[in-house]
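# Architecture and fold: a report
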Amino acid sequence: MEAVCPNNRHRIDGNFTSSVNLDLALVHYPVYNKHKQVVGSAVTNLDIHDIARACRTFGVDNFYVVTPFGDQQELVEKIVSHWQTGHGAFYNIDRQEALTTVSLCGDLDSLYNRLVRGGTKPFVLATCASPGRESLTFLQVREKFAQYERILLLFGTAWGLTEEIISGADAVLSPIKGRGNYNHLSVRSAVAIILERLLGEGD
């Protein structure tokens, strides 16, 4: 089963939020380990919860968890169903709402095909923490929203997306820059920072 939750427009106080035409995918295979080997990473409970909450906060249409591994897919289904129809649905209604954004997909090719609408593919934007490659600024990506382009934003787990995925994307987003040489944000933190910069309404 690929879809954990149906795609939907989200409600706040009975009203639909405005769509930003943005989907987000968290890729667990293929990604790199610290030795630059291609591996599959494990799904984590915290990633699903925290990224879903960030997606819901900033109006992302769908949050896709991409993994081909059956046991990991079962884990995603178990986590989401707990908060959608199990005890969690009554315990924390805000968490239930956040997890309505979550869907499951076996691989990126299937996801790309799923997102074709009217013969048009989404604009695929990869993220990468390493500097030194040609990339789009946050302002340039914001301008793409104004052009009504549907964007699929890719994040990698472990040590990041493989070069194959990055080279197959339409563009790469400029990396987050902190102070000094330390550059090891969790993917949950990176997602929240990037969504705020792209979709936040602050100054």
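Structure shown above.
Here we summarise the structure given alongside this text. (Residues numbered from 1 in each chain as written. Predicted model: local features only at pLDDT ≥ 70, side-chain atom pairs only at ≥ 80, totals over all residues. Heavy atoms only, no water.)

### Here's the deal with the overall build of the protein chain
A tally of helices and strands in the protein chain yields eight helices and ten strands. The proportion of buried residues among the 203 residues of the protein chain is 47%. Across the protein chain, the fraction of contacts at a sequence separation of at least 24, relative to all contacts at a separation of at least 6, is 79%. With an accessible surface of roughly 11,000 Å², the protein chain has 50% of that area assigned to carbon and sulfur atoms. (Helix = DSSP H or I, 4+ residues; strand = E, 2+ residues; numbered from the N terminus. Buried < 20%, exposed > 50% of the residue type's maximum accessible area, 1.4 Å probe, protein only. Contact = heavy atoms within 4.5 Å. Areas by Shrake-Rupley, 256 points an atom, 1.4 Å probe, with all protein chains shown as cover.)

### What to know about the packing of aromatic side chains
As enumerated under the stated definition, the model contains one aromatic pair in all. Ring geometry for Y29 and F69: centres 6.0 Å apart, planes at 70°, overall edge-to-face. Note that Y29 is positioned in the loop between β3 (22-27) and β4 (31-32) and F69 in the loop between β6 (62-66) and α2 (70-84), a separation of 40 residues in sequence. For Y29, a relative accessible area of 37% gives the class partly exposed. The exposure class assigned to F69 is partly exposed, which follows from its relative accessible area of 32%. Taking NZ or CZ as reference, K144 lies 4.5 Å from the ring centre of F123, over its face. Of note, R197 hangs over the ring of F138, and the distance from its end group to the ring centre comes to 5.2 Å. (Phe/Tyr/Trp six-rings, centres within 6.5 Å; stacked < 30°, edge-to-face > 60°. Lys NZ or Arg CZ within 6 Å of the ring centre and 35° of its normal.)

### Description of the sheet that holds β6
With respect to topology, six strands assemble into an open sheet ordered β7-β6-β3-β9-β8-β10, the strand pairing being parallel. Two strands lie at the open edges of the sheet, namely β7 (102-105) and β10 (171-173), each paired on one side alone. Direction aside, neighbouring strands of the sheet carry axes that sit 30° apart on average. Judged from the five bridges that link them, β3 and β6 form a sheet pairing that is parallel. Each residue of the ladder has a partner; that of V27, found in β6, is V66. Those strands touched by helix α1 (residues 45-58) are β3, β6 and β7, and its axis lies near 155° from that of β6. With respect to the sheet, helix α6 (residues 138-146) is in contact with β3, β8 (123-127), β9 (151-156) and β10, its orientation differing from that of β9 by roughly 140°. (Pairing = 2+ DSSP bridges. Axes fitted to C-alpha atoms, helices over the stretch in contact; angles between N-to-C directions.)

### Let's talk about unusual backbone geometry
Residue P30 is reached from Y29 by a cis peptide bond, and omega for that bond is 0°. With respect to the element layout, P30 can be found in the loop between β3 and β4. Phi is positive for K36, which is not a glycine, with a value near 65°. You can see K36 is positioned in the loop between β4 and β5 (38-39). Residue class for K36 comes out exposed when judged on its relative accessible area of 55%.

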